[in-house]
Amino acid sequence: MVPPYIPLFRVCATLKSVRQLHAYLILVGLHGDLLASTKLIESYSEMGCIHSARQIFSTFKKPDTFMWGVLIKCHVWNGLFEEAILLYQTVLESLTEISSYIFPSVLRACSAIKDLRMGERIHARILKSGFESDAVIETALLSMYGETGYTFNARKLFDSMTVRDVVSWSSLVSNYVRDGQALEGLEIFREMVGEGIEIDSVTLLSILEACGEVGFLRGGRSCHGYVVRWNIGSDHDALGSSLIAMYGKCGDTCVAERLFLYGAYFSIASWTALISCYNQNGCYSKAIKTFIEMQRCDVGCNSVTLMSIVCSCARIGWLMQGKAVHAYAIRNNNDLNKDFLRSSLIDLYANCGNLGYGRLVFDETQEKHIVSWNILISGYAREGRSQDALLLFVQMMTEGIFPDSFSLASALLACRDVSLLSLGCQIHCLALKLLQIPNEFVENTLIDMYSNCGSVKSASRIFHDRQEQSTVTWNSMLCGFSQNGHSKKALSLFNEMFSKCIEMDEVTFTIVIQACADQGFVDRGKWIHHKLLTSGMTSDMYTDTALINMYARCGDLQTAQRVFDNMTERSAASWSSIIGGYAMHGRIDDSISLFHQMIKLGVQPNDITFMSILSACSHAGYVEKGKYYFNMLVEDFGIKPSLEHYACLIDMLSRAGDLKAAYEVLNSMPFPSDATTWGALVNGCRIHNRVDFLNSINRKLISIEAKDSGYYKLLANVYADAGKWNEFTMVRAKIRGMSLNKVHGCSMIET
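These numbers were taken from a predicted model, which means no experiment stands behind them. (Residues numbered from 1 in each chain as written. Predicted model: local features only at pLDDT ≥ 70, side-chain atom pairs only at ≥ 80, totals over all residues. Heavy atoms only, no water.)

A closer look at the pattern of salt bridges
- Applying the stated rule across the entire model yields 24 salt bridges.
- The residue Arg108 makes a salt bridge to Glu147 at a minimum N-O spacing of 3.3 Å. Taken as a pair, Arg108 in helix H7 (residues 102-112) and Glu147 in helix H9 (residues 135-147) lie far apart in primary sequence, 39 residues in all.
- A salt bridge links Asp388 to Arg385; the nearest nitrogen and oxygen atoms lie 2.9 Å apart.
- For Asp388, a relative accessible area of 29% translates into the label partly exposed. (Salt bridge = Lys/Arg side-chain N within 4 Å of Asp/Glu carboxyl O. Helix = DSSP H or I, 4+ residues; strand = E, 2+ residues; numbered from the N terminus. Buried < 20%, exposed > 50% of the residue type's maximum accessible area, 1.4 Å probe, protein only.)

With respect to the state of the cysteines
- Scanning all chains against the criterion turns up zero disulfides.
- Cysteine Cys311 is unpaired, with the sulfur of Cys313 as its nearest cysteine sulfur at 9.3 Å.
- Judged by its relative accessible area of 22%, Cys311 is partly exposed.
- The structure places no disulfide on Cys648, whose sulfur is separated from the nearest cysteine sulfur, that of Cys617, by 9.6 Å. (Disulfide = S-S within 2.5 Å.)

What to know about unusual backbone geometry
- Within the chain, Lys114 stands out as a residue other than glycine whose phi angle is a positive 55°.
- By secondary structure assignment, the location of Lys114 is in the loop between H7 and helix H8 (116-129).
- Here Cys501, not a glycine, exhibits a phi torsion of approximately 60°, which is positive.
- Its place among the elements puts Cys501 in the loop between helix H30 (487-499) and helix H31 (506-519).

Some points on the packing of aromatic side chains
- Inspection of the entire model under this criterion finds 23 aromatic pairs.
- Here the aromatic residues Phe595, Phe610, Tyr628, Tyr629 and Phe637 are joined through ring pairs into a cluster of three or more.
- One Lys or Arg, Arg570, reaches over the ring of Phe564 and ends 4.4 Å from the middle of that ring.
- Seen from the ring of Tyr622, Lys625 lies directly overhead, with NZ or CZ sitting 5.0 Å from the centre. (Phe/Tyr/Trp six-rings, centres within 6.5 Å; stacked < 30°, edge-to-face > 60°. Lys NZ or Arg CZ within 6 Å of the ring centre and 35° of its normal.)

Observations regarding the environment of Ile316
- Note that Ile316 resides in helix H19 (residues 303-316).
- Setting aside residues up to four positions removed in sequence, Ile316 forms contacts with Tyr284, Ser285 and Ile288. (Contact = heavy atoms within 4.5 Å.)

Quick notes on the side chain of Ser576
- With respect to the helices and strands, Ser576 occurs in helix H35 (residues 572-584).
- Among residues more than four places away in sequence, those in contact with Ser576 are Asn606, Ile608, Thr609 and Ser612.

Let's talk about the nonpolar core
- Ranked by size, the top nonpolar core spans 224 residues in total, and within it Ile41, Ile122 and Leu681 carry the most contacts.
- Each residue touching Ile122, except ones within four places of it in the same chain, is listed here: Tyr88, Phe103, Val106, Leu107 and Cys110. (Core = buried A, V, L, I, M, F, W, Y, C linked by side-chain atoms within 4.5 Å.)

Some words on the packing of helix H26 (residues 421-434) against helix H27 (residues 440-452)
- One way to put it is that H26 packs onto H27 with a least axis distance of 11 Å and a crossing angle of 165°. Judged by the inter-axis angle, H26 sits roughly antiparallel to H27. You can see that H26 and H27 cross each other, and the crossing is left-handed. Facing Leu421, Gly424, Cys425, His428 and Ala431 of H26, the residues of H27 in contact are Val442, Leu446, Met449 and Tyr450.
- Taken together, the residues that form the contact of H26 with H27 break down as seven nonpolar, two polar and no charged. (Axes fitted to C-alpha atoms, helices over the stretch in contact; angles between N-to-C directions. Parallel < 35°, antiparallel > 145°, perpendicular 65-115°, else oblique. Left-handed = near helix turned anticlockwise from the far one by under 90°. Nonpolar A, V, L, I, M, F, W, Y, C, P; charged D, E, K, R; others polar.)

Considering the environment of Ile50
- In this structure, Ile50 sits in helix H4 (residues 50-58).
- Between the C-alpha atom of Ile50 and that of His688, which follows or precedes it by 638 residues, the distance is 95 Å.
- Ile50 has contacts with Tyr44, Ser45, Cys74, His75, Asn78 and Leu80, leaving out every residue within four places of it along the chain.

Digging into a nonpolar patch on the surface
- A cluster of nonpolar side chains, Leu8, Tyr24, Leu27 and Val28, forms an exposed patch at the surface whose accessible area comes to about 400 Å².
- Looking at the secondary structure, you find Tyr24 in helix H2 (residues 15-27).
- With a relative accessible area of 41%, Tyr24 lands in the partly exposed category. (Patch = residues over 30% accessible without salt bridge, like charges linked within 9 Å, V, L, I, M, F, W, Y side chains within 5 Å. Areas by Shrake-Rupley, 256 points an atom, 1.4 Å probe, with all protein chains shown as cover.)

This is the structure:
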């Protein structure tokens, strides 16, 4: 017979009503009743008042195994997993026999804190107690092994089960999908269907996630058809949101939109799924518009929605809109302490170049997860703030957080300078200690770090030591050779890559085309261009720009122009390459015409574009035009002139014979002059036979430090032509005394 107070527990919906019922039970003398007290413990826990539940439990000197089980379950409900495990250990010490009711809850606690060792000990206790055939316990064990990442153990347990119902099948499928083994999860689902197990909405949630992860659109459509045919979960919002997410991950945004618009899924989850769908397919503006529409419909949002929209702003660099979302989150009391939301905000500010705000968000975070550390370290490294990145990396380790592969790669990225090579080597050693299995991401960054520091041998050693080399690894080594002046080695490595049928991408072709440009290998460049076209790969803006540069530098301006004309999208670099190509080969008017066409189309020229134009004006003797473009550089486009820009201006004035103006520009530069700027002035004196001008600045000319002998040889030849043998002897003696390198002559085009 059911005790008369049991129905009273069913109507208790607030903490106040539970306390009133508690008072009533004390009044009628039932406060010592085991069942009534156990129900009170459960009711207080459901209201989040675990302290009151513990107080009631403590009034019993010898609670039975059921009461222990309820208390453990209540701790798990309230997220007190470690306390639940401690209670379980107390049960073992207090009772000789334990009911099967205790084990599912304590296994759930082990899953939550990823405590596999304790889970295995509980499994051993289950076997000892003879509960291994209990269906609920078996499912709990499956979940525990799966959620701790030991899917092999979960599968072994599943295969030993005599009765396997839809719950156990769903648990196993979910474990594999959650562990990143989506294909294995789909294979188990196929077995499940083959055995005639009825599929429910829980199983479909895991299968839709698996189809999305591997891009299995056909399988996802089959699941969708099954849902419609059998009317599964028509009021199941999670299933509708999962369908939208699946279509988004498979790249079919049209169906995702239709499902959202014409379905019955207009909850926060479905709106968030659609926003994520747009993000995954690069439609960031659409994602932001959807969020705005979501607010107009007064749907509200949660932390996951805000994280998605912050990511949208970060990807397209919309700092102001991202700040507005940040303010919205604060104003609406969204939980900013959730690490994924904090991390996305830090990522927003880092991607938009506002690391100061990113650091403020980071410093305000109470519990810093490794993801937040990684994003900020990576942000500093990308912005060239190596010291800040490395100090933060050290601080992270000091606070007891061990770096993962991303942390190590970001720290190595900060060491891409020859002055930090020693520190990079130390981080390399740390990576070898921490990462038991070679990590491709870290090793690719190591190749990049050593290459940037000029240690190509070390980079090559890491490359050749890798057993499996992906396209990214090959590209890293190709880039390492190319940027260190070993273009022939880069092309040789490309030949090896081609002979081994290694998959190539746009980056591969861009690097080797640039190597051909550096060596003047026009025939090899044409062959690579042909391979790019026949591979079926769509050349992107960067590849086309490299092709323009290669053809232009090798003298084939007609082909360079054809590649430029066929481009659907042109960047400032693309324009600079074709403008520089015409300027290099003396077609100055064509170069200037293209420059004005570029500005007319609204493309903002960069510092390299102006370098090409100024150099063209210098060689053509267009002094007034050159001055005009130099002023345009500063006044119209706000570009700060570099030493190279000043060298072009000085060279132009010197070639025109205006040595006084050239000398004034040289002395007015905001940074120290070097051999390039002085060499331009000396060359002007040589052209116009103005040795008298050299005599007035003779002391300064001799004191210039140069990396090679070119500047001093020019100066010595000028003195020799003018019969100034004392000065000539002095300069030649300086060349011998400083052991300067001789620059050998070479052809820019393959012969």
